[in-house]
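# Tertiary structure, described
One letter stands for each residue in the lines below.
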Amino acid sequence: MITHQSQATQPVAPPNDNSETLLLPANRVAVLLAGYGEVQSYRDLSSYNQAATKYIASQFVAIPKWLYPLAGWLLALQDWYNFGVKHHHFMSPENEMFEKQRLGIEEELQTRWGNPVQVFKGFYFCEPFVQKVVADIIQQGFENLLIYPLLVVDSAFTGKIAVEQVNEVIAVTESDNELQHSPFKKIRYIPAFATEPAYIDLLVRQIKEALNQSLASGFFESQISIILTVHGGPEKAKGLLTGVIDGQALYDRVSAQLQHEYPLISIGWINHDTPFVNWSQPNLKQAAKNLIESGAKTILFKPLGWVTENYETILDVEDAIKSLQRQYPTVTYTRLDCVNDDPEFMKIAAEWANPHIEAMMSVSQRNEYVETSGA
């Protein structure tokens, strides 16, 4: 049996003759939410996978650049079968949910900072592309940029893509102007949130709420198992620390709050197994089998390594459940959602950005004061 549980803008003060003039557009902050994105048309699968090959697969598999188009085409055929045939024309909800998150975070930030802070979104592999969004931010005159990867916790690996794509735009911009004239006065970056207490407490609360809503009625706590799913990754990737480290840290902190009451708890890595590459273990199905062999009668799957619903949190988990059902038909399985646009998560995500915004505005204020004084 499969069950599934879902889950003001403040005006800028009018200028006067003192420090309030510093809230003019000169020190606006653009917050760039960056994520993978999912194509909204199967015709775009080839270009999507070509970009994924360039920015991700090439980090842990030696792929010549001239093979990127072929790799993109082959992976597109695989995705077309997986999404179009096997899963009846599945379309990921990721992009739609990402926009809801953008709106929610912007509302929270503008309640505190007003219109000088605006939140943008950009995707690594599909429209709106990060590069295009950064170019638009520069065109609109923003002098401060906060890079905010918001999908998976493994920022040292996938968050690097956001920085790389921002730098690509800056390099082009600088080549058209004098090198000393950078398009931004200040750029800051929000790293992984694997150890953020507020996020960990939110996940624990959602899991306990699911358990309390009669999902596990009739079972002792020792028969209830929880698999905390995290984005799998290769052990090595060109010397970069992969998401395995951050994912493990996140799991350790969440499980520490649950394991005394629910001892059958395990991490479950969702891998994209590639030949000749060692991926994180145990994978989703192996984790479930281990718990079932220890006496689990019901299993809850909760995403930890994603904050936005996508094909991995939906299809990969449901495929694993269908496979497990054939082998263990008496066990019940429940797939829980990501935090998505939970209002509490919107507040948490905005709070992580606040110190960086404050720091950038302070720098802009000091610089403007010096320039004004000098004049």
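It should be emphasised that the depicted structure is a prediction, and the values quoted were computed from it without experimental measurement.

### Comments concerning the overall build of the protein chain
A count of helical and extended segments in the protein chain gives ten helices and nine strands. For the protein chain, with 375 residues in total, the buried portion stands at 52%. Carbon together with sulfur atoms contributes 54% to the accessible area of the protein chain, which is approximately 17,500 Å² in total.

### Points about the pattern of salt bridges
Summed over all chains, the structure comprises 14 salt bridges. Of the charged contacts in the structure, one is a salt bridge between Glu209 and Arg205, with a shortest N-O distance of 2.6 Å. One end of the pair is Glu209 and the other is Arg205, both in helix H6 (residues 197-215) and four residues apart, which spans about a single turn. For Glu209, a relative accessible area of 35% puts it in the partly exposed group.

### Some thoughts on the packing of helix H1 (residues 45-55) against helix H2 (residues 68-86)
At their nearest, the axes of H1 and H2 sit 7 Å apart, and the two run at 125° to each other. Judged by the angle between their axes, H1 and H2 are oblique. Once H1 is placed against H2, the crossing between them reads as right-handed. Contacts between H1 and H2 involve Leu45, Ser46, Asn49, Gln50, Thr53 and Lys54 from the former and Tyr68, Pro69, Ala71, Gly72, Trp73, Leu75, Ala76, Asp79 and Trp80 from the latter. Looking at the contact of H1 with H2 residue by residue, the classes come out as eight nonpolar, five polar and two charged.

### Considering the pairing of strand S4 (residues 144-149)
S4 sits mainly inside the fold: six of its six residues count as buried. Sheet topology places strand S2 (residues 29-35) next to S4; six bridges connect them, and they run parallel. What sits directly across from Leu33, in S4, is Tyr148. In terms of strand pairing, S4 meets strand S5 (residues 186-189) through four bridges, oriented parallel. The residue of S5 that forms the bridge with Leu145 is Ile187.

### Side note on unusual backbone geometry
Phi is mostly negative for residues that are not glycine, and the peptide bonds are mostly trans. In this structure, the amide linkage connecting Glu127 to the following residue, Pro128, adopts the cis form with an omega of -5°. For Pro128, the location among the structural elements is in the loop between strand S3 (117-123) and helix H4 (130-139). Note that the residue after Gln281, namely Pro282, is joined by a cis bond; omega there is 0°. Tracing the backbone shows Pro282 in the loop between strand S7 (264-270) and helix H8 (284-293). Unlike most non-glycine residues, His88 shows phi in positive territory, near 55°. In this fold, His88 is placed in the loop between H2 and helix H3 (94-113). The exposed category is assigned to His88, whose relative accessible area is 66%. Although it is not a glycine, His89 adopts a positive phi angle of roughly 60°.

### Some thoughts on the sheet that holds S2
Across the sheet, which stays open at both edges, the four strands sit in the order S3-S2-S4-S5 with parallel pairing between neighbours. The two strands at the open ends of the sheet, each matched to only one other strand, are S3 and S5. Each neighbouring strand pair of the sheet contributes to a mean axis angle of 20°, computed without reference to strand direction. As paired strands, S2 and S3 are joined by seven bridges and run parallel to one another. Along S3, the bridge assignment pairs Val29 with Val117. Across the sheet, H3 lies against S2 and S3, angled at about 160° from S3, the strand it touches most. Across the sheet, H4 is in contact with S2, S3 and S4; its angle to S3 comes to roughly 155°.

### Describing the side chain of Gln206
Following the sequence through the fold, Gln206 ends up in helix H6. On the basis of relative accessible area, Gln206 is assigned to the buried category, the value being 5%. Only 2.7 Å separates the side chain of Gln206 from the side chain of Lys302, close enough to count as a polar contact.

### Considerations on the environment of Ala350
Turning to its location among the elements, Ala350 is positioned in helix H10 (residues 343-374). We classify Ala350 as buried; its relative accessible area is 4%. With 238 residues separating them along the chain, Ala350 and Arg112 place their C-alpha atoms 9.8 Å apart. The contacts of Ala350, once residues within four sequence positions are left out, are Ile105, Glu108 and Leu109.

Conventions and cut-offs
Residues numbered from 1 in each chain as written. Predicted model: local features only at pLDDT ≥ 70, side-chain atom pairs only at ≥ 80, totals over all residues. Heavy atoms only, no water. Helix = DSSP H or I, 4+ residues; strand = E, 2+ residues; numbered from the N terminus. Buried < 20%, exposed > 50% of the residue type's maximum accessible area, 1.4 Å probe, protein only. Areas by Shrake-Rupley, 256 points an atom, 1.4 Å probe, with all protein chains shown as cover. Salt bridge = Lys/Arg side-chain N within 4 Å of Asp/Glu carboxyl O. Axes fitted to C-alpha atoms, helices over the stretch in contact; angles between N-to-C directions. Parallel < 35°, antiparallel > 145°, perpendicular 65-115°, else oblique. Left-handed = near helix turned anticlockwise from the far one by under 90°. Contact = heavy atoms within 4.5 Å. Nonpolar A, V, L, I, M, F, W, Y, C, P; charged D, E, K, R; others polar. Pairing = 2+ DSSP bridges. Polar contact = N/O pair within 3.5 Å; in protein donor to acceptor, adjacent residues only side chain to side chain.

By themselves, these observations are geometric and do not establish any function.
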